[in-house]
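Understanding the architecture of this molecule
Chain residues, written in single-letter form:
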Amino acid sequence: MYSHHQRFSTKSIIHHRKKYLTSFCRAAEYKMDLIPHLQLADTFGALFIGAILAAILFGVTNVQVFIYFQTHIGTGITFYKLVVIWLWTLDALHLAMIVHCIYFYLVTNYGNVIAFTVIVWSFKAQLVIAVITIYVEHLLYVHRIWTISKGRSKVLPITVGIAVVLASGVAIVILWCIFQKINVFTDFLNYEWALYAYLGSVAFVDILIASSLCYLLTMSRTGFSRSDFFISKMMAYIINTGCLTSVCSMAAIILTAAMPNNYISEAVQFLLLKLYVNSFIALMNTRYYAQPDADAMHSPEYRVRHEVYRPKLHIGASQDGDLQASQKSMYSHPDEVSHIARPGQAVVLQRSNEMITELDSLSSA
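**Some remarks on the side chain of Asp91**
Take Asp91: it is sitting in helix H3 (residues 79-108). Classification of Asp91 by relative accessible area gives buried; the value is 1%. Only 3.2 Å separates the side chain of Asp91 from the side chain of Thr61, close enough to count as a polar contact. Excluding residues within four positions of it along the chain, Asp91 makes contact with Phe58, Thr61, Lys274 and Val277.

Now the structure itself:
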């Protein structure tokens, strides 16, 4: 009797388990039927690829930061060192928000169709970090334009500064939309105009900054091959980086207009901040890239190879006092001596020093 009751209980448990597994498999099949309709390849799949590319660019940022601090050892704590640390911190925080966003959708809420439509807080946070950081970098570029335009008309830096301030108004609008009006992904469709205005203003400011820097560098040409070569390399770099960030902004605008129902444009926007941080820090490392043999000019080997032969003069004791007095006068008034002995060299050195000061204010800190 006991064994018959036990066999009945076992059969009942097996029957309930089969029923539960059947209902679970049907629910899983139902979810799997829904997931393909979401087109994960060009929605969250695109975001996943954007996160991978953003992580790669963050690795490039780490290399740029390492180079900057290696080439500025012993200079103490400067303003631009703090700027580099601040930019690296924001870049790392931006990547952390992207990773959390992808993990939330593809791991924590895998198969949860309702969660796929809701915007997680980290997605909004990475947008806010990107908007604020890009605006601050524009201000830093304006500061550099103001610095290298010293001694010239201030119309150009003031014009660029006004453009950046006006673009900040668009940034405030986009931040207001993110916090107040956008809660699900479909809300982006109602505020595409704000996205177009923001990315368009960013691209315009990038082109304006790049053209202003190129104009100021052109005015800094001295006519000497070494300095002009360095200026040409800096101009080429500024044009390339300015075009790169502008093309990224314009690509996001085009993708948003052409494909509003996927997240490819959002994946491209993941990369925008990374490109800005890399371009700004690399600009401060331009002298390192453009003049890899600059340290060799101060090496003992360089001084030995370029040492000028000066024969010793055999003079008498009566002439020794006159020679010492002449040398003393020469070191007391070196500008007069250089003007008398080599009148063109003083002008060359003065102009070259002015150019180097301007380039240092642009490419180092």
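**What to know about the environment of Leu57**
Inspection of the secondary structure puts Leu57 in helix H2 (residues 44-70). C-alpha of Leu57 to C-alpha of Leu95: the two residues are 38 residues apart in sequence and 9.9 Å apart in space. The residues contacting Leu57, other than those within four sequence positions of it, are Leu271, Lys274, Leu275 and Asn278.

**Quick look at the nonpolar core**
In this structure, Phe123, Phe185, Tyr198 and Phe280 are the most contacted members of the largest nonpolar core, which totals 84 residues. Those elements that place two or more of their residues in this core are H2, H3, helix H5 (121-148), helix H6 (155-180), helix H7 (192-219), helix H8 (225-258) and helix H9 (264-284). What Phe185 contacts, discounting residues up to four positions off in sequence, is Phe44, Tyr105, Phe116, Thr117, Val118, Ile119, Phe123 and Tyr263.

**Some thoughts on the packing of H3 against H9**
Between H3 and H9, the shortest axis-to-axis distance is 11 Å and the interhelical angle comes to 160°. With respect to their mutual orientation, H3 and H9 come out roughly antiparallel. Crossing handedness for the pair H3 and H9: left-handed. Between H3 and H9, the residues in contact are Tyr80, Val83, Val84, Leu87, Asp91, His94, Leu95 and Ile98 and Phe270, Leu273, Lys274, Val277, Phe280, Ile281 and Met284, respectively. In the contact of H3 with H9, the residues fall into 12 nonpolar, one polar and two charged.

**Concerning a nonpolar patch on the surface**
Taken together, Phe48, Ile49, Ile52, Leu53, Ile56 and Val60 make up a surface patch of nonpolar side chains, about 510 Å² in accessible area. Structurally, Phe48 is set in helix H2.

**Thoughts on empty space enclosed by the protein**
Counting across every chain of the model gives three cavities of 30 Å³ or more. Roughly 230 Å³ of internal volume is contained in the largest cavity. As for the largest cavity, its lining consists of 18 residues, and the residues nearest its centre are Leu127, Ile174, Leu195, Tyr198 and Gln269. Elements with a contribution of two residues or more to the lining of the largest cavity: H5, H6, H7 and H9. The leading source of residues in the lining of the largest cavity is H5, at six residues.

**What about the side chain of Arg144?**
Here Arg144 shows up in helix H5. Accessibility expressed as a relative area gives 0% for Arg144, which makes it buried. Within the structure, the side chain of Arg144 is placed 3.3 Å from the side chain of Tyr80, a separation counted as a polar contact.

**Focus: the confidence of the model for the protein**
As a general rule, the predicted coordinates of low-pLDDT regions are not to be interpreted in detail. Across the protein, pLDDT averages 76, with 67% of residues at or above 70. Counting interchain partners and residues more than four positions distant, the pLDDT-below-50 stretch residues 27-36 has six contacts. A low-confidence stretch, residues 325-349 stays under pLDDT 50, and its non-local contacts, those more than four residues away or across chains, total five contacts.

**A few points about the state of the cysteines**
Under the criterion given, the structure shown has zero disulfides. Of all cysteine sulfurs, the one in Cys214 lies closest to Cys243, which takes part in no disulfide; the gap is 8.9 Å.

**Description of the packing of aromatic side chains**
Aromatic ring pairs are described here by two measures, namely the spacing of the ring centres and the angle between the planes. Under the definition given, this model contains 16 aromatic pairs. When the ring of Tyr141 is compared with that of Phe280, the centres are 5.2 Å apart and the planes differ by 85°; the resulting orientation is edge-to-face. Linking Tyr141 in helix H5 with Phe280 in helix H9, this pair joins segments that are 139 residues apart in sequence. Each member of the pair, Tyr141 as well as Phe280, is classed as buried. An aromatic cluster is present here, built from Phe44, Phe104, Tyr105, Phe116, Phe123, Phe185, Phe188, Tyr263 and Phe270 joined pairwise through their rings. The residue whose ring lies beneath Arg144 is Tyr80, and the NZ or CZ to ring-centre distance is 4.1 Å. Here the basic side chain of Lys154 rests over the ring of Trp146, its NZ or CZ set 4.4 Å away from the ring centre.

So, how was this worked out
- Residues numbered from 1 in each chain as written.
- Predicted model: local features only at pLDDT ≥ 70, side-chain atom pairs only at ≥ 80, totals over all residues.
- Heavy atoms only, no water.
- Helix = DSSP H or I, 4+ residues; strand = E, 2+ residues; numbered from the N terminus.
- Buried < 20%, exposed > 50% of the residue type's maximum accessible area, 1.4 Å probe, protein only.
- Polar contact = N/O pair within 3.5 Å; in protein donor to acceptor, adjacent residues only side chain to side chain.
- Contact = heavy atoms within 4.5 Å.
- Core = buried A, V, L, I, M, F, W, Y, C linked by side-chain atoms within 4.5 Å.
- Axes fitted to C-alpha atoms, helices over the stretch in contact; angles between N-to-C directions.
- Parallel < 35°, antiparallel > 145°, perpendicular 65-115°, else oblique.
- Left-handed = near helix turned anticlockwise from the far one by under 90°.
- Nonpolar A, V, L, I, M, F, W, Y, C, P; charged D, E, K, R; others polar.
- Patch = residues over 30% accessible without salt bridge, like charges linked within 9 Å, V, L, I, M, F, W, Y side chains within 5 Å.
- Areas by Shrake-Rupley, 256 points an atom, 1.4 Å probe, with all protein chains shown as cover.
- Salt bridge = Lys/Arg side-chain N within 4 Å of Asp/Glu carboxyl O.
- 1 Å grid on protein atoms, 1.4 Å probe; cavity = no way out; pocket = protein on both sides within 12 Å on 5 of 7 lines; lining within 4 Å.
- Points joined across faces, edges and corners; volume = space filled by probe spheres on them.
- pLDDT = per-residue confidence, 0-100.
- Disulfide = S-S within 2.5 Å.
- Phe/Tyr/Trp six-rings, centres within 6.5 Å; stacked < 30°, edge-to-face > 60°.
- Lys NZ or Arg CZ within 6 Å of the ring centre and 35° of its normal.

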